[in-house]
Amino acid sequence: MKKLIRFAIAGGIGFLVDAGVLSALLDLTPLGPFVARLIAIAFAMASTWVFNRNFTFDRSGRSLAVEGFRYGSVGVTAALVNYGLYSALLLSLPGLQPLAAMVVASIAAMVFSFFGYSRFVFRA
């Protein structure tokens, strides 16, 4: 249960980074919601890796490169789920705000990523 709570905190941090970067890019650049979200997801993934590695799951005992690759593999797959749902929502519901689509997509991807990180990345 402790790991799940810490994972939720890491997810919250990642969500805030994702939302903050997405909002900033939409407000301050000519990037549209699709390109801006790709950049935001990359920043969020980096922030959650640092938190998860140091506080949620502890280090796996593998080299930093191997652990990073595994984390990236799960993270990219979860990001594809997240981005696919985000895009589908925006395309099917044109009036939907990008941040609302991000919330729904992020929750859906969270379940997948917890199991991937806990079973594949950080398991000793």
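Residues numbered from 1 in each chain as written. Predicted model: local features only at pLDDT ≥ 70, side-chain atom pairs only at ≥ 80, totals over all residues. Heavy atoms only, no water.

> Help me understand the pattern of salt bridges in this model?
Close approach of charged atoms allows side chains with opposite charge to pair. By the definition in use, this model includes 2 salt bridges. Between Arg37 and Asp18 there is a salt bridge, with the nearest N and O atoms lying 2.8 Å from each other. Taken together, the residues span a long stretch of sequence, with Arg37 in helix H2 (residues 33–56) and Asp18 in helix H1 (residues 2–28) at a distance of 19 residues. Each member of the pair Arg37 and Asp18 is classed as buried. (Salt bridge = Lys/Arg side-chain N within 4 Å of Asp/Glu carboxyl O. Helix = DSSP H or I, 4+ residues; strand = E, 2+ residues; numbered from the N terminus. Buried < 20%, exposed > 50% of the residue type's maximum accessible area, 1.4 Å probe, protein only.)

> Could you clarify how one ought to interpret the packing of H1 against H2 in this entry?
Any two packed helices are characterised by how steeply their axes cross, that is the angle between the axes, and by the distance between the axes. Contact pair H1 / H2: the axes reach a minimum separation of 8 Å and the direction vectors enclose 150°. As judged from the angle between their axes, H1 and H2 are roughly antiparallel. Relative to H2, the crossing made by H1 is right-handed. Class assignment for the residues of the contact of H1 with H2 results in 18 nonpolar, 5 polar and 4 charged. (Axes fitted to C-alpha atoms, helices over the stretch in contact; angles between N-to-C directions. Parallel < 35°, antiparallel > 145°, perpendicular 65-115°, else oblique. Left-handed = near helix turned anticlockwise from the far one by under 90°. Nonpolar A, V, L, I, M, F, W, Y, C, P; charged D, E, K, R; others polar.)

> Honestly, the UniProt feature "transmembrane region" (unreviewed entry) in the chain in this entry has me stumped. Any pointers?
When the UniProt feature table is mapped onto this chain, "transmembrane region" (unreviewed entry) is found at residues 7–28, 34–51, 71–93 and 99–122. For residues 7–28, helix accounts for 100% and strand for 0%, while the C-alpha atoms at its two ends are 31 Å apart. Annotated as residues 34–51, this span is 100% helix and 0% strand, and its ends, taken at the C-alpha atoms, are 26 Å apart. (UniProt positions renumbered as here; feature names shortened; annotations may be inferred.)

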